[in-house]
Amino acid sequence: LEESALEVDMLVLQCVAVCCSESLEESALEHIKSAGQSANMEFVPKPMWREEEGLEQYVWFEMPSQKSLLLHSVPPRQRHPLNFCREVVANLLKMPHRADWKDCSLTVDEETQMAGDFKKMFASYDWSLKDD
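Bear in mind that the values here come from a model prediction, so they are computed numbers and not experimental data.

Caption draft 1: Broad picture of the overall build of the protein chain. For the protein chain, the count of helices and strands is three helices and five strands. For the protein chain, the sequential pattern of α-helices and β-strands runs β-β-α-β-β-β-α-α. Taken over 132 residues, the protein chain has a buried fraction of 28%. Look at the contacts in the protein chain between residues 6 or more apart in sequence, and 51% of them connect residues 24 or more apart. As presented, the protein chain carries roughly 9900 Å² of accessible surface, and 54% of it is formed by carbon and sulfur atoms.

Okay, structure coming up:
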């Protein structure tokens, strides 16, 4: 799970959940730290980070085991690359071309097919489809 809260001209909160096995956790942690260093961002383990006072801007990664939490606190009046998390996740998934959202567009037919597939998978959870 990746989350970032950033203050630009408005609040930006982004959460991305990516399924992966616990066996990939160590390499993912190293990749996140390495990518952070390249962007002058230091990620440190902080399991209880939500209890910190005054933490307004941050980037946070949580691993599947939930034992590993990496936090980068963005100092006041500083910024970090807004596409950083998307680039990290795209590279972890071995899909670096997906780091640019413009490369993720689909045809109308592909989107319609994906929406239909999702509706089928989600149908058992959709309360609006249940009979009273």
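There's plenty left to go through after this.
Caption draft 2: Summary view of the packing of aromatic side chains. In the structure shown here, the tally under the stated rule is four aromatic pairs. On the basis of an interplanar angle of 65° and a centroid distance of 5.6 Å, the ring pair of F43 and F61 is categorised as edge-to-face. Of the two residues, F43 sits in the loop between α1 (25-38) and β3 (44-45) while F61 sits in strand β4 (residues 58-62), which places them 18 residues apart along the sequence. For F43, a relative accessible area of 7% gives the class buried. Assessed through its relative accessible area of 3%, F61 is described here as buried. A centroid spacing of 6.0 Å and a plane angle of 40° characterise the contact between F122 and Y125, whose relative ring orientation is tilted. Among the residues examined, F122 registers a relative accessible area of 36% and is labelled partly exposed. Y125 gets classed as exposed once you look at its relative accessible area, which sits at 61%.

Caption draft 3: Looking closely at the nonpolar core. Formed by 13 residues in total, the largest nonpolar core has its most connected members in I32, F43, F61 and F84. Secondary-structure elements contributing two or more residues to this core are α1, β4 and α2 (84-92).

Caption draft 4: View of the confidence of the model for the protein chain. In the predicted model, the protein chain carries a mean pLDDT of 80, and the fraction of residues at 70 or more is 80%. Confidence, expressed as mean pLDDT per element, reaches its minimum in the protein chain at strand β1 (residues 2-7) with 52 and its maximum at helix α3 (residues 108-122) with 94.

Caption draft 5: Seen up close, the side chain of H72. The topology assignment puts H72 in strand β5 (residues 69-73). A residue is classified by how much of its surface remains accessible, and H72, at 10% relative accessible area, is buried. A polar contact is formed between the side chain of H72 and the backbone oxygen of E42, at a distance of 3.1 Å. Aside from chain neighbours lying at most four places away, what touches H72 is M41, E42, F43, Q57, Y58 and V59.

Caption draft 6: Expanded view of a nonpolar patch on the surface. On the surface, a nonpolar cluster with roughly 510 Å² of combined accessible area is contributed by F118, M121, F122 and Y125. Mapping M121 onto the fold places it in helix α3.

Criteria and cut-off values
- Residues numbered from 1 in each chain as written.
- Predicted model: local features only at pLDDT ≥ 70, side-chain atom pairs only at ≥ 80, totals over all residues.
- Heavy atoms only, no water.
- Helix = DSSP H or I, 4+ residues; strand = E, 2+ residues; numbered from the N terminus.
- Buried < 20%, exposed > 50% of the residue type's maximum accessible area, 1.4 Å probe, protein only.
- Contact = heavy atoms within 4.5 Å.
- Areas by Shrake-Rupley, 256 points an atom, 1.4 Å probe, with all protein chains shown as cover.
- Phe/Tyr/Trp six-rings, centres within 6.5 Å; stacked < 30°, edge-to-face > 60°.
- Core = buried A, V, L, I, M, F, W, Y, C linked by side-chain atoms within 4.5 Å.
- pLDDT = per-residue confidence, 0-100.
- Polar contact = N/O pair within 3.5 Å; in protein donor to acceptor, adjacent residues only side chain to side chain.
- Patch = residues over 30% accessible without salt bridge, like charges linked within 9 Å, V, L, I, M, F, W, Y side chains within 5 Å.
- Salt bridge = Lys/Arg side-chain N within 4 Å of Asp/Glu carboxyl O.

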